[in-house]
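Survey of secondary and tertiary structure
Here is how the chains run, residue by residue.
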Amino acid sequence: MQDKIKLSLAGLLVAAGVVGFYVIPDTQSFLRVLAMFVALALAAGVVWVTTPGREFVAYARESVVEGRKVVWPTRKEAMQMTGIVFLFVAVLALFMWLVDSGLTWLVYDVILGRG
């Protein structure tokens, strides 16, 4: 129940920041942006102390650890894979063009006789 109250408070803080942004005159643009950032920072602080907030932070940390385990291909491997993809796309485009042209010829010239 406490987490729901804290999350609601965080939502209210964000809403207050948005309201403050629009209530402050346009001539005070620095103050408007500052009010929004302060409200977002306070809301993030409130979310940080909730169970879902801590779980999200733990998930983000684990994601960074997993991201560091990724083995990226070398430049040569990346170029080879890109070339294969381009070749496949060209062959597929040629095939689709031939099928489309063949069906167009079949329907319009042979079946309908409009050639």
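Here's what I pulled together on the structure shown here.

Rules used throughout
Residues numbered from 1 in each chain as written. Predicted model: local features only at pLDDT ≥ 70, side-chain atom pairs only at ≥ 80, totals over all residues. Heavy atoms only, no water. Phe/Tyr/Trp six-rings, centres within 6.5 Å; stacked < 30°, edge-to-face > 60°. Buried < 20%, exposed > 50% of the residue type's maximum accessible area, 1.4 Å probe, protein only. Helix = DSSP H or I, 4+ residues; strand = E, 2+ residues; numbered from the N terminus. Expected span 1.5 Å × (residues − 1). Arc of directions from axis to C-beta. Contact = heavy atoms within 4.5 Å.

This paragraph deals with the packing of aromatic side chains. All chains considered together, the criterion is met by one aromatic pair. Where Phe-21 meets Tyr-22, the ring centres are 5.2 Å apart and the plane angle is 90 degrees; that geometry is what we call edge-to-face. With a relative accessible area of 25%, Phe-21 lands in the partly exposed category. Residue class for Tyr-22 comes out exposed when judged on its relative accessible area of 62%.

An ideal rise of 1.5 Å per residue puts 32 Å on 22 residues; helix α1 (residues 2–23) measures up with 31 Å between its terminal C-alpha atoms. Among all positions in α1, only Ala-10, Gly-17 and Gly-20 are buried. The buried residues of α1 all sit within an arc of 85 degrees when viewed along its axis, so they share a single face. What points out from α1, more than 90 degrees from its buried face, is the exposed set Lys-4, Ile-5, Leu-12, Val-19, Tyr-22 and Val-23. Where the residues of α1 are buried, they touch α2 (29–48).

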